[in-house]
Each structure stands twice: as C-alpha cells, then as structure tokens.
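Spelled out from the first residue to the last, the chains are:
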Amino acid sequence: MREILNIAKRFAANLLVCFALAPTLLAVPGGEQEKTNTQKKATAVSVRIDGEISSPQLSILRRGIKEAQERSADLFIIDMDTPGGDLSTTLKMMEELSKYGGKTACYVNKNAISAGSFIAVACDKIYFAPEGTMGAAEAVSATGEDIGNSMSRKVSSFLGAKVRSICGENSRRAQIQRAMADPNFELKIGNNLLKPKGQLLTLTAKEAAQIVDGKPLLADGIAESAEGLAAEALKIPASAVKLFDAGIMPAEKLAKFSVQIAPLILGIGFFLVFMEIKAGTFGILGLCAVGLFLSVFVATNISGLAGYEATAIFAAGVILVAVEFIFMPGLLFLSIPGGLLVLASMVWTLSDMNPNFSFLQNIEALAWGGIKFLAAVCIAAILVALFGKLVEKSPLWKKIELSNTGSTKGRAPSEFGSLGAENESSEMPQIPCEGVCVTDLIPSGRVRIGEKIFDSTAQFGHIKSGTKVLVVGKKDFNFVVKKM
C-alpha cells in the first residue's frame, strides 16, 4: 500500500513538472515558427543613372530618392554606368545623397568614371558588377581640356574636402578617391603601394574587392545584379528582397535627349525666326521657333541644369518684346534690351555655372555656353544657306505670301516686282516715289508701288498695312521706305 502511494506521489510530481515546463517546451518551436511567418520582406528601390552626368540625371536621382522615401525602403540603389559629366550636377547629386536619411548603395554597372566615382563615394556602400570599373576622376575644363596648375589645385582641394566631409570616418575611401582625382597623390596602405605619383587610379571590380591590410580595398562586394546587391547589403536571402525599379519617365528621356542636342534645337529656331522676318509677319514658323526655344528651357528646368534664373531672364526678355510689339511697335527701346535678355538667357542655360566655383571657373563655363550658342547660330546659317530658297518655293511659303499680300490675291504673277537683276529695267520705279503698304513692315514686308508689289523694309521702326510711304532707297533686294 505504501509503495502504491509512493508511485502515485512520483506520478503527481512528474505531472506537475510537465505542466510547468509545457509553455517553455512549446515556445521553442512555436516561437521559431512565428518568427519565420512574420519575417518582413526587405524593400529596395533602384534607379538607373547612365550616360553623361548632367541635369536630367539629377532629376532622375531626386525622383528615385522620393520614391524610396515614400516606400520606406530599406535600401536605395544607384545602378550606375557613366563616363563622367559636369561637376556642378555631380556636387548636387552628392548633396542629395548625403541628405537622404536611409541606407544607400552604388552599383558600378559597368562604369563609374570621373564624376561617377564622386557620386559612388557619397553612397554608404559600393558594389561592383563583375566587369565594373571606377576611377579616372581628375577635374578638367568644360571643353575636356586640362586646366591650369593653380586652378587644378583649387578644384582638387575643394573636391577633397567635399569627399572627406561625406566619407566621415571612412578615411580609406577618401584616400582612394583622392588617388583617382589627384595624379600627384601617392596611395599607400600599410606596406602596399597602390598608386605612385604621376598616375590616376582606376580600379576593376576584382582590384576594388581585393583584401588590403585586412579588409577590402574599396568594394563592399561584387554582385551579379541589383537584387543580389540588396540581399548581400541587407544580409538577407534574395527571396526576401522586394526590389522596385524607379525607371526613367518619358519626360526625363526627352530631357536627356534635349540637353544633348540643345544647339541643334536653337539653331533650327533661329532659322525659323529668320524665315518669319523675311515673310514680314508672325505665323506658324514663328510659333514653331518659340516652341523650340521653350522646349530647351522646359528640358533644362525639368533636369535643373541652370535653375530658375535663366528662365526668369528669358521670360523678362520675351515680356519686353511682347509689350513693345503690342503697345508701342517700332520704338525699339524695349525690344532691343528684351532681345539681349533672351540671348543672354540662352547662353546661360547652355553653361555650367555654379555658385561654389571660382569667378574664373564660371567665366570659363559661360564661355563654353557661348560656344554652344554660336554653334546654334552656325547651324541656323547653314540651314538658311541650304534650304532658304527651297522654303520660298514650298506651298507653305506661297500660302504665307498670299496671306501677306491681302488685296493682291488673285493678281497675275507679273504684278509682283523684284529688285533682282532680271527686273532691272525702265519698268522699275524711280526713287523717290510713293507707295502703300499692303502688309505690316516689321521691319520687312510688301509695298505696292504703282501697279506692282515689291519686298520692302521700313527705314525705321514699324509701319502698319495701308500706310502711305515714300521710297527713299534700296538695300540688298528690298526697297527702303518711310512714312509719308
């Protein structure tokens, strides 16, 4: 009986122990299962930065950062392939990355050359594609030529300080970037001489990932894709990464294209303006010219190339010209400064000026913008030489001429005069003589002299259609007239 009681006591004691340990025993597998089921998928946002670094790339970067913030991304990735670009935009992109509060990584896929290397070191992590290269970051002039020793020292000093400020405690990264930008800097880590003086450092993926003095030289890793980069950087399986590609919007593609062909667009615009002046009116060609000019400024503002200052100057010039044209035609005291403002704004928007640059650097950038502007003028001149006569023979031009001659519609071709050599005869009007404007002269148009109509130019200002004029001379192939 006593033995039965002892067995019952032991059974009751063991049962109590099992009840006491049950929550703990169940919590191990149950907790592991709960942790597995509730594991959060990491979110990453990538944006492609390729081609020459200019204002459209800045716009694309800003939009990518905004999307990363909206998605509360765990990692923001710059998928980069660039040969370099302008320094002003590069500095702005570095500032955008430093202001972004989340984790950032640059994927060197395939090149981060020159300006691209500065953008890369502004990121928290740098990963390479297997064929990636990074370096060759010495500053050059806007035309791609070497700059003077004094200016080179100033630029190198400024950029070096900027990189050190961004890299913070990562002094090795700042040293490597200096070796990429300064040929006079000797890069030595421990007992390893990585770059002697007189050369610029450019690293392949394998070289950037090599272990030097106990840790990788520059690369945080080599990744086959942006997804692989995100998984390695966040230390989670690739299946747990949800990658969003910010892509490139159609407007940004247009901006990138427009910036590259800006001189061509302006040249065509000037050509159309010339044809409108020759027509003596403002119609479809003039509207097309204004549209081309505006397209350059729209593309510039989208990408942030020159800021709003150039646009404000352009708008002020257009307003001055418009006010004179509408309210006080022919006085010129508004249209001349307005036209100069428009031209100045075009040069400005083609330049790469920056408030952080020295006076001489900004002058050089402005001069380069002037060269681009002159290229646009040359393109316009070539188009005038090649297609001017062809346009005059086109149906569109004939339609413009008919609309300009007003009451002359329906007259025979013999009723129209010209100052060409084939018409130099006794039938030509003798100077001085009187006539009547059949179109507005602003300053060119058409004037009826006797029974014929001739191309004419106002001696001064603007003369409205229907005004009696006095022919006072000849200029090129036009009569010169003034109000009676």
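Residues numbered from 1 in each chain as written. Predicted model: local features only at pLDDT ≥ 70, side-chain atom pairs only at ≥ 80, totals over all residues. Heavy atoms only, no water.

### Looking at the side chain of Ser-46
Part 1 of the reasoning: Mapped onto the fold, Ser-46 is located in strand S1 (residues 42-50).
Part 2 of the reasoning: When residues no more than four places from it in sequence are discounted, the contact partners of Ser-46 are Ile-77, Leu-243, Phe-244, Asp-245, Ala-246 and Gly-247. (Helix = DSSP H or I, 4+ residues; strand = E, 2+ residues; numbered from the N terminus. Contact = heavy atoms within 4.5 Å.)

### Looking at the pairing of strand S15 (residues 452-458)
Part 1 of the reasoning: By the criterion of burial, S15 is predominantly enclosed, with five of the seven residues buried.
Part 2 of the reasoning: Alignment of strand S14 (residues 444-449) against S15, held across six bridges, turns out to be antiparallel. Bridged to Gly-445 within S15 is Ser-456.
Part 3 of the reasoning: In this structure, the hairpin formed by S14 and S15 is closed by a connection of two residues, where Gly-450 is found at a positive phi of approximately 70 degrees. (Buried < 20%, exposed > 50% of the residue type's maximum accessible area, 1.4 Å probe, protein only. Pairing = 2+ DSSP bridges.)

### Regarding the environment of Gly-461
Part 1 of the reasoning: With respect to the secondary-structure elements, Gly-461 resides in the loop between S15 and strand S16 (468-475).
Part 2 of the reasoning: Between the C-alpha atom of Gly-461 and that of Leu-441, which follows or precedes it by 20 residues, the distance is 8.3 Å.

### What about the pattern of salt bridges?
Part 1 of the reasoning: Evaluated as defined, the whole model comprises eleven salt bridges.
Part 2 of the reasoning: In this structure, Glu-96 and Arg-62 form a salt bridge, with 3.2 Å as the shortest nitrogen-oxygen distance. Taken together, the residues span a long stretch of sequence, with Glu-96 in helix H3 (residues 87-99) and Arg-62 in helix H2 (residues 55-70) at a distance of 34 residues.
Part 3 of the reasoning: By relative accessible area, Arg-62 is classed as partly exposed at 38%. (Salt bridge = Lys/Arg side-chain N within 4 Å of Asp/Glu carboxyl O.)

### Considerations on the pairing of strand S2 (residues 75-82)
Part 1 of the reasoning: Judged by how many residues are buried, S2 sits mostly within the fold: seven of eight residues are covered.
Part 2 of the reasoning: Relative to S2, S1 is paired through seven bridges, and the arrangement is parallel. Note that in S2 the partner of Ala-44 across the bridge is Leu-75.
Part 3 of the reasoning: Of the strand pairs in this sheet, S2 and strand S3 (residues 104-113) are connected by six bridges, and their pairing is parallel. Bridge assignment links Thr-82 to a residue of S3, and that residue is Ala-112.

### Considerations on the packing of H2 against H3
Part 1 of the reasoning: In contact at an axis separation of 9 Å, H2 and H3 are set at 10 degrees when each is read in the N-to-C sense. Taken together, H2 and H3 sit at an angle that is classed as roughly parallel. For the pair formed by H2 and H3, the contact residues are Ser-55, Gln-57, Leu-58, Leu-61, Arg-62 and Ile-65 on the first element and Thr-89, Lys-92, Met-93, Glu-96 and Leu-97 on the second.
Part 2 of the reasoning: Class assignment of the residues belonging to the contact of H2 with H3 gives a composition of five nonpolar, three polar and three charged. (Axes fitted to C-alpha atoms, helices over the stretch in contact; angles between N-to-C directions. Parallel < 35°, antiparallel > 145°, perpendicular 65-115°, else oblique. Nonpolar A, V, L, I, M, F, W, Y, C, P; charged D, E, K, R; others polar.)

### Quick look at the sheet that holds S16
Part 1 of the reasoning: Strands sit in the order S13-S14-S15-S17-S16 around a closed barrel of five strands; the barrel is mixed. Direction aside, the axes of adjacent strands within the sheet are offset by 55 degrees on average.

### Focus: the environment of Asp-74
Part 1 of the reasoning: Tracing the sequence through the fold places Asp-74 in the loop between H2 and S2.
Part 2 of the reasoning: Residues Asp-74 and Ala-42, spaced 32 residues apart in sequence, show a C-alpha to C-alpha distance of 6.2 Å.
Part 3 of the reasoning: Excluding residues that lie within four positions of it along the chain, Asp-74 makes contacts with Ala-42, Thr-43, Lys-103 and Leu-234.

### Details of a nonpolar patch on the surface
Part 1 of the reasoning: A surface patch of nonpolar side chains, about 410 Å² in accessible area, is lined by Phe-359, Leu-360, Ile-363 and Leu-366.
Part 2 of the reasoning: Here Phe-359 is to be found in helix H14 (residues 359-392).
Part 3 of the reasoning: According to the relative accessible area criterion, Phe-359 is exposed, its value standing at 65%. (Patch = residues over 30% accessible without salt bridge, like charges linked within 9 Å, V, L, I, M, F, W, Y side chains within 5 Å. Areas by Shrake-Rupley, 256 points an atom, 1.4 Å probe, with all protein chains shown as cover.)

### Examining unusual backbone geometry
Part 1 of the reasoning: A cis amide bond links Asn-109 to the next residue, Lys-110, at an omega of 20 degrees.
Part 2 of the reasoning: Along the chain, the position of Lys-110 falls in strand S3.
Part 3 of the reasoning: The phi dihedral of Ser-114 falls on the positive side, at around 55 degrees, and the residue is not glycine.
Part 4 of the reasoning: Following the sequence through the fold, Ser-114 ends up in the loop between S3 and helix H4 (115-121).
Part 5 of the reasoning: A positive phi is found at Asp-213, a non-glycine position, where the angle reads about 55 degrees.
Part 6 of the reasoning: Relative to the helices and strands, Asp-213 resides in the loop between strand S9 (211-212) and strand S10 (215-216).
Part 7 of the reasoning: Asp-213 gets classed as exposed once you look at its relative accessible area, which sits at 57%.

### Examining the packing of aromatic side chains
Part 1 of the reasoning: Applying the stated criterion across every chain, the model contains three aromatic pairs.
Part 2 of the reasoning: Ring centres of Phe-76 and Tyr-100 lie 5.8 Å apart, and the angle between their planes is 65 degrees; on these two criteria the pair is classed as edge-to-face. Note that Phe-76 is positioned in strand S2 and Tyr-100 in the loop between H3 and S3, a separation of 24 residues in sequence. Pair check on accessibility: Phe-76 and Tyr-100 agree, each one buried.
Part 3 of the reasoning: The ring of Phe-244 has Arg-71 sitting right over it, with the charged end atom 3.7 Å from the ring centre. (Phe/Tyr/Trp six-rings, centres within 6.5 Å; stacked < 30°, edge-to-face > 60°. Lys NZ or Arg CZ within 6 Å of the ring centre and 35° of its normal.)

### With respect to H3
Part 1 of the reasoning: Look at H3: 18 Å from first C-alpha to last across 13 residues, which is about the 18 Å you get at 1.5 Å a residue.
Part 2 of the reasoning: Those residues of H3 not exposed but buried are Ser-88, Thr-89, Thr-90, Leu-91, Met-93, Met-94, Glu-96 and Leu-97.
Part 3 of the reasoning: Between the side-chain oxygen at the start of H3 and the backbone nitrogen of Ser-88 there is a gap of 3.4 Å, and the oxygen is on Asp-86. (Expected span 1.5 Å × (residues − 1). Polar contact = N/O pair within 3.5 Å; in protein donor to acceptor, adjacent residues only side chain to side chain.)

### Notes on helix H13 (residues 335-349)
Part 1 of the reasoning: The end-to-end C-alpha distance of H13 is 21 Å, a good match for the 21 Å that 15 residues give at a rise of 1.5 Å each.
Part 2 of the reasoning: The complete set of buried residues in H13 reads Ser-335, Gly-338, Val-342, Ser-345, Met-346, Val-347 and Thr-349.

### A few points about the environment of Phe-274
Part 1 of the reasoning: By the secondary structure assignment, Phe-274 is in helix H10 (residues 262-279).
Part 2 of the reasoning: Look at Phe-274 and you get partly exposed, because its relative accessible area is 38%.

### Examining the confidence of the model for the protein
The predicted structure's coordinates, where accompanied by low pLDDT, should not be read in detail.
Part 1 of the reasoning: Mean pLDDT over the protein works out to 77, with 73% of the residues at or above the 70 mark.
Part 2 of the reasoning: When pLDDT is averaged over each helix and strand of the protein, the minimum, 50, is found for helix H1 (residues 2-37) and the maximum, 95, for strand S4 (residues 125-128).
Part 3 of the reasoning: Note on residues 303-307: pLDDT is under 50 here. Beyond four places in sequence and across chains, it has 16 contacts.
Part 4 of the reasoning: Predicted confidence is poor over residues 404-426, with pLDDT under 50, and the contacts of this stretch with residues over four places away or in other chains come to 35 contacts. (pLDDT = per-residue confidence, 0-100.)

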